[in-house]
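# Breakdown of the fold
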Amino acid sequence: IDAEKAWEIFKGNPNNIIAIVDQGVDKNNTDLKNKIAGGDDGFNSTENHGTFMAGIAAAETDNGRGMAGVDWYAKIHPQKITGEYSSMAQGIIDAIKYSRNVHVLNCSWTIGSESNPSENSYTVRNAFAYAYKANRTCVASMGNHQDTHPNVVSYPAGYPNVIAVGATDNIDEIWDESAQGYHIDVCAPGVYIKSIGNDLYGYGTSCAAAFVSGLASLLKGYSNDLANDDIENIIELGADDQVDPGFDPITGYGRINAKNSLDYLRPPYTLYQWSTTGGTVYQSTGLTYGTFIGIEGLLDGKYWAKRHEVRKAVSFSERFTEITGAWGRGSFTKGFNDEAPNMGVGYCAVVPGTLNKNGCTVTTYVYEIITS
């Protein structure tokens, strides 16, 4: 992932915290004990999964022992969860409430079982919606079931606004068991991975997700004003294509490249972040009966509602010779996405085909709800 070249640019920010939402982290491990920021103390010595992921993302580095974490200086917040939906959801919420500096949440797990990898939960979905609305970056593993359940979507990787990560081997080919699908964002190394807390090699999309969490933290540490959508899009822009040019359902936008992503935050590149208000209704639905959950000022439940797509033409205040990427930042918008049921997740996107050197058109959704 060109980590060494990336570290020549930036090694991390000690104010950043990566939450390892997992089965526990060994706080006494010599490569982690100086990096721990609060979190749960429960640790089962027979289950080293969380410790292994913490090492990949942010093990203490250049200390003459152990290994190098992707982010040298970020702190680790261990958030212990069980296989219960309520525990998963509460772990996400507790990690966010611990500190405003918990910018990245690593979720190297899936809700589903080996026999049913597509299990889902509104409770867990709502927790990830809460994280996105709080402008946090959530990273999740695609799952290791491609050989047994090809192209089946597992969660939380399948949720919108989560960076879904597949696994590649040491020659940049997709790992046979790495789940595939159009919800994948990027891939990262996941075969023959060494980390702390285990003498064995690690395999799978869990390891791959931890690499991406470390990179997300590096980017946030380098430029603190990045939104979660900025971080995701810059990681995707910096990735090295592996299959077809651009996006594909096997490796997403490609295998992450830490140096490339950091380069997008340095000259000759410039990142502009703008806001706009207003807009006009582009199209509307009739009255439909839908579920609305986790929306401020609205009791959870079913309502009759109309959905209005609102668009706004935006003129750039700069004239560009080249645009590498453009996207909406949903966590700062008043409009919601069109997800059903709706969790009140902010949404803003560039309308395909409208982007040029002078401007673009952005879109979001507004709901007209009958509450009486």
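Values in this document were obtained by computation on a predicted structure and should not be read as measured data. (Residues numbered from 1 in each chain as written. Predicted model: local features only at pLDDT ≥ 70, side-chain atom pairs only at ≥ 80, totals over all residues. Heavy atoms only, no water.)

Quick look at the layout of surface pockets now. Empty space among the atoms can be located by rolling a probe the size of a water molecule over them. Approximately 1,200 Å³ is the volume attributed to the largest pocket. Contributing to the lining of the largest pocket are 42 residues, with Tyr272, Gln273, Trp274, Trp327 and Gly328 lying nearest its centre. Those elements giving two or more residues to the lining of the largest pocket turn out to be helix H6 (228-238), strand E9 (301-315) and strand E11 (359-370). The biggest single contributor to the lining of the largest pocket is E11, with 5 residues. In the lining of the largest pocket, the residues fall into 22 nonpolar, 14 polar and 6 charged. Forming the walls of the second largest pocket are 38 residues, and the residues nearest its centre are Glu232, Asn233, Glu236, Tyr253 and Ala349. Considering every element that reaches the lining of the second largest pocket, the biggest residue donor is H6, with 5 residues. Residue composition of the lining of the second largest pocket, grouped by class: 18 nonpolar, 12 polar and 8 charged. (1 Å grid on protein atoms, 1.4 Å probe; cavity = no way out; pocket = protein on both sides within 12 Å on 5 of 7 lines; lining within 4 Å. Points joined across faces, edges and corners; volume = space filled by probe spheres on them. Helix = DSSP H or I, 4+ residues; strand = E, 2+ residues; numbered from the N terminus. Nonpolar A, V, L, I, M, F, W, Y, C, P; charged D, E, K, R; others polar.)

Look at helix H3 (residues 85-98): 20 Å from first C-alpha to last across 14 residues, which is about the 20 Å you get at 1.5 Å a residue. When H3 is considered as a whole, its buried residues turn out to be Ser87, Met88, Ala89, Gly91, Ile92, Ile93, Ala95 and Ile96. Against strand E1 (17-22), strand E2 (75-80), strand E3 (102-107) and helix H4 (122-133) lie the buried residues of H3. (Expected span 1.5 Å × (residues − 1). Buried < 20%, exposed > 50% of the residue type's maximum accessible area, 1.4 Å probe, protein only. Contact = heavy atoms within 4.5 Å.)

All right, on to helix H2 (residues 49-58) then. Side chains that are three or four residues apart share a direction in an α-helix, a result of its 3.6 residues per turn. Among the 10 residues in H2, 9 count as buried, and that is most of the element. Among all positions of H2, only Gly50, Thr51, Phe52, Met53, Ala54, Gly55, Ile56, Ala57 and Ala58 are buried. At its buried positions, H2 is contacted by E1, E2, E3 and helix H5 (205-222).

The next subject is the pattern of salt bridges. The full count for this structure, using the stated rule, is 8 salt bridges. The partner of Lys27 in a salt bridge is Asp41, with the nearest N and O atoms 2.6 Å apart. Taken together, the residues Lys27 in the loop between E1 and H2 and Asp41 in the loop between E1 and H2 connect sequence positions 14 residues apart. Of the residues examined, Asp41 reaches a relative accessible area of 61% and is grouped as exposed. Asp172 is the partner of Arg255 in a salt bridge, and the nearest nitrogen-oxygen pair spans 2.8 Å. With Arg255 in the loop between H6 and helix H7 (258-263) and Asp172 in the loop between strand E5 (163-168) and strand E6 (186-189), this pair connects stretches of sequence that are 83 residues apart. Overall, the relative accessible area of 11% leaves Arg255 in the buried class. Residues joined in a network through salt bridges with shared partners are Asp172, Asp240 and Arg255. (Salt bridge = Lys/Arg side-chain N within 4 Å of Asp/Glu carboxyl O.)

Another point: the packing of aromatic side chains. How two aromatic rings sit relative to each other is set out by the distance from centre to centre and by the angle between their planes. Under the criterion given, the structure shown has 20 aromatic pairs. Between Tyr155 and Tyr159 the ring centres are 5.0 Å apart and the planes differ by 35°, which places this aromatic pair in the tilted class. An angle of 35° between the planes, with centres 6.3 Å apart, marks the rings of Tyr182 and Phe247 as tilted. Taken together, the positions of Tyr182 in the loop between E5 and E6 and Phe247 in the loop between H6 and H7 put the pair 65 residues apart, joining distant regions of the chain. Its relative accessible area of 69% is what places Tyr182 among the exposed residues. Pairwise contacts between aromatic rings join Trp109, Phe128, Tyr155 and Tyr159 into one cluster. Over the ring of Trp72 we find Lys11; its NZ or CZ atom is 5.3 Å from the centre of that ring. The ring of Tyr201 is capped by Lys194, whose NZ or CZ atom sits 5.2 Å from the centre of that ring. (Phe/Tyr/Trp six-rings, centres within 6.5 Å; stacked < 30°, edge-to-face > 60°. Lys NZ or Arg CZ within 6 Å of the ring centre and 35° of its normal.)

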